[in-house]
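# Breakdown of the fold
Okay, here's what each chain looks like letter by letter:
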Amino acid sequence: MKKVGILTLPLNDNYGGLLQAVALSGFLSLQGFEVVFLRNEYFKNKWKSLVWSAIARVPFQNVNGARYAHKKRLLHKAFIKDYIPRRTRTLRSIEDFKSVVKQEKLDAVIVGSDQVWRWDYILDGFERYFLSFVDGSKTRKVSYAASFGKPQWQAAEKMDQVSSLLADFHAVSARESDGVTICQELGRKDCQLVIDPTLLVNRHFYDQFLVKPKHTSQQKTLLTYVLDEQGKKKEFIDAVSANLGEDYVTKSLGLQSNMTAPEWVTAFHDADYVITDSFHGMAFSIMFNKPFIVIGNSHRGVSRFTSLLQQLDLLSRMVDETSLDNYSVKELVSHKVDYNEINTKLQLLREKSSNFLINALEVTP
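Conventions we followed
Residue numbers run consecutively from 1 along every chain, following the written order of its sequence. Since the coordinates come from a predicted model, pLDDT governs what is reported: local features require at least 70, and pairs of side-chain atoms require 80 or more to be given and counted, while whole-chain, interface and lining totals use all residues. Calculation of side-chain values draws on the structure's entire complement of heavy atoms; hydrogens and water are dropped beforehand. Numbering of helices and strands starts at the N terminus; helices are DSSP runs of H or I of at least 4 residues and strands are runs of E of at least 2. Each residue is placed in one exposure class: buried if its accessible area under a 1.4 Å probe, protein chains only, is under 20% of its type's maximum, exposed if it is over 50%, and partly exposed if it falls in between. Whether two residues are in contact is decided by their heavy atoms: any pair within 4.5 Å suffices. Areas reported as accessible are Shrake-Rupley estimates using a 1.4 Å probe. Residue values count occlusion only from the protein chains shown. Only the stretch in contact is used when fitting a helix axis, every axis being a line fitted to C-alpha atoms; angles between N-to-C directions are given from 0 to 180 degrees. An angle below 35 degrees is read as roughly parallel, one above 145 as roughly antiparallel, one from 65 to 115 as roughly perpendicular, and any other as oblique. Note on convention: the crossing is left-handed when the near helix lies turned anticlockwise from the far helix by less than a right angle, right-handed when the turn is clockwise. Residues are grouped as follows: Ala, Val, Leu, Ile, Met, Phe, Trp, Tyr, Cys and Pro are nonpolar; Asp, Glu, Lys and Arg are charged; every other residue, Gly included, is polar. Method remark: on a 1 Å grid restricted to protein atoms, a set of points is classed as a cavity if a 1.4 Å probe fits but cannot get out and as a pocket if it is open with protein on both sides within 12 Å along at least five of seven lines; lining residues have an atom within 4 Å of a point. Grid points are joined across faces, edges and corners, and a volume is the space filled by probe spheres set on the points. Any pair of Phe, Tyr and Trp rings, taking the six-membered ring for Trp, is counted once the centres come within 6.5 Å. Such a pair is stacked with planes under 30 degrees apart, edge-to-face with planes over 60 apart, and tilted for the rest. Sitting over a ring, as applied to charges here, requires NZ of Lys or CZ of Arg to be within 6 Å of the ring centre and within 35 degrees of the ring normal. By definition here, a helix of n residues has an expected span of 1.5 Å times n minus one. Buried Ala, Val, Leu, Ile, Met, Phe, Trp, Tyr and Cys residues form a nonpolar core when they are joined through side-chain atoms within 4.5 Å. Criterion for a salt bridge: a side-chain nitrogen of Lys or Arg within 4 Å of a carboxyl oxygen of Asp or Glu.

### Quick notes on the overall build of the protein chain
Along its length, the protein chain carries 13 helices and eleven strands. Taken over 365 residues, the protein chain has a buried fraction of 54%. Contacts in the protein chain between residues at least 24 apart in sequence constitute 76% of all its contacts with a sequence separation of at least 6. Carbon together with sulfur atoms contributes 50% to the accessible area of the protein chain, which is approximately 16,900 Å² in total.

Quick look at the structure:
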């Protein structure tokens, strides 16, 4: 059995980031790999980490979001323990990462998915996300569905260094078409476009997470998961709600939600219609075959939406957040999605992505 390490962004309050890590770990385990999750943390010196840890535990304050992040970690602690059972100690430096790879005798390390290559997310030690701590002559280096989050590489002064690190990868893939282009510009002409890990597994994988609703209702549910609800978005949501009619009740999630990850997944599973500006909100709408509208979120990156929607011929389900007044809500709501066709296309993407990943891991370094 080959032992594979997974590196992604620190698991804090992001439902999508957490679920993609669980899905990738679960997929690899089902394929017969032994999975070791590299418990990544933001790089701080020891004393600064201790100070912030102490501050986070003080109630009735939220200095720089420390208390909020701490409460979210506690909220997700049991879920992570149950579904990512094999984890290393907390890693806070390149030396920690090198030590763990050696101790665990990893056959391969995967970086991804999510925005692990988005420059403004990895400023505290970007080299680790390009696997600088892995000896490529002994351990395979693979990126799976890595995302840059932006249509171009943001740190021109680091291009040579990143190109050199990417050259040592055994296989490279990205989640968005823009990411493929950036990798090609950085010298990896062989970069492949693959789907997010949350879609790499099938919908039955998520059955184990579903929880019974606390309240039952005969009304249908319009679920909104909107990360940035400024501008015209609320008016647009109200218009969709009005067009759906009185049979629907609106249920709103957001960044401040106190839901556990299983409750979050269940909300999408049980919804009758979804409006979201989140990539993973869109992904789970598709996974559970829900009629949905995705609001293109330019601040958080549009390519991750369009790359998947284009491959599934679902671009008509996306609206531009800067011109919401220009859309006919009645047409959007009345337009049905043929999920028989969509599921066939998604399965082909799933098989292609699965083959890429398994082939990337199976070959001896």
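### Considerations on the packing of helix H9 (residues 261-270) against helix H10 (residues 279-287)
Taken N-terminus to C-terminus, the directions of H9 and H10 make an angle of 55 degrees; their axes are 9 Å apart at the nearest point. If you check the angle between H9 and H10, you find them oblique. H10 is crossed by H9, and the crossing has right-handed handedness. Seen from H9, the contacting residues are Trp264, Val265 and Phe268; seen from H10, they are His280, Gly281, Phe284 and Ser285. Within the contact of H9 with H10, the residues separate by chemical class into four nonpolar, three polar and no charged.

### Quick look at empty space enclosed by the protein
Under the definition given, this model contains one cavity of 30 Å³ or more. In this structure, the largest cavity spans a volume of roughly 60 Å³. Lining the largest cavity are Arg175, Glu176, Val194, Ile195, Asp196, Leu199, Phe279, Arg304, Leu308 and Gln311. Among the elements that line the lining of the largest cavity, the one with the most residues is helix H11 (residues 303-311), at three residues. Looking at side-chain class alone, the lining of the largest cavity contains five nonpolar, one polar and four charged residues.

### Regarding the packing of aromatic side chains
Under the defined criterion, the tally for this structure stands at 23 aromatic pairs. Note on Phe97 and Phe133: the rings are 4.8 Å apart at their centroids and 40 degrees apart in plane angle, and the pair reads as tilted. Taken together, the residues span a long stretch of sequence, with Phe97 in helix H4 (residues 94-104) and Phe133 in the loop between strand E3 (108-111) and strand E4 (140-143) at a distance of 36 residues. Looking at Phe133, the relative accessible area reads 5%, which means it is buried. Taken together, a centroid distance of 5.3 Å and an interplanar angle of 50 degrees make the contact between Trp117 and Phe148 tilted. Of this pair, Trp117 sits in the loop between E3 and E4 while Phe148 sits in the loop between E4 and helix H5 (159-166), and the two are 31 residues apart along the sequence. By relative accessible area, Trp117 is classed as buried at 0%. Among the aromatic side chains, those forming a connected cluster through ring pairs are Tyr15, Phe79, Tyr83, Phe205, Tyr206, Phe209, Tyr225, Trp264, Phe268, Phe284 and Phe288. Over the face of the ring belonging to Phe279 we find Arg175, whose NZ or CZ atom lies 4.4 Å from the ring centre.

### What to know about helix H1 (residues 15-30)
Given a rise of 1.5 Å per residue, 16 residues ought to cover 22 Å, and the 22 Å separating the end C-alpha atoms of H1 matches this to within 8%. Immediately downstream of H1, the backbone of Gly32 shows phi near 95 degrees, a positive value.

### Comments concerning the nonpolar core
Grouped together as the largest cluster of nonpolar side chains are 68 residues, with contacts concentrated most on Leu28, Tyr144, Tyr206, Ile286 and Leu357. Broken down by element, the residue count for this core peaks at nine residues, all from H1. With 37 residues, the next largest nonpolar core counts Leu9, Val36, Val109 and Val134 among its residues.

### Overview of the pattern of salt bridges
Under the defined criterion, the tally for this structure stands at 16 salt bridges. As a salt-bridge pair, Lys232 and Glu235 come within 3.8 Å of each other at their nearest N and O atoms. Under the relative-accessibility criterion, Glu235 is labelled partly exposed at 47%. The salt bridge partner of Lys345 is Glu341, with a shortest N-O separation of 3.1 Å. Of this pair, Lys345 and Glu341 both sit in helix H13 (residues 339-362), separated by four residues, roughly a single helical turn. Linked by salt bridges that have partners in common, Asp114, Arg175, Glu176 and Asp196 make up one network.

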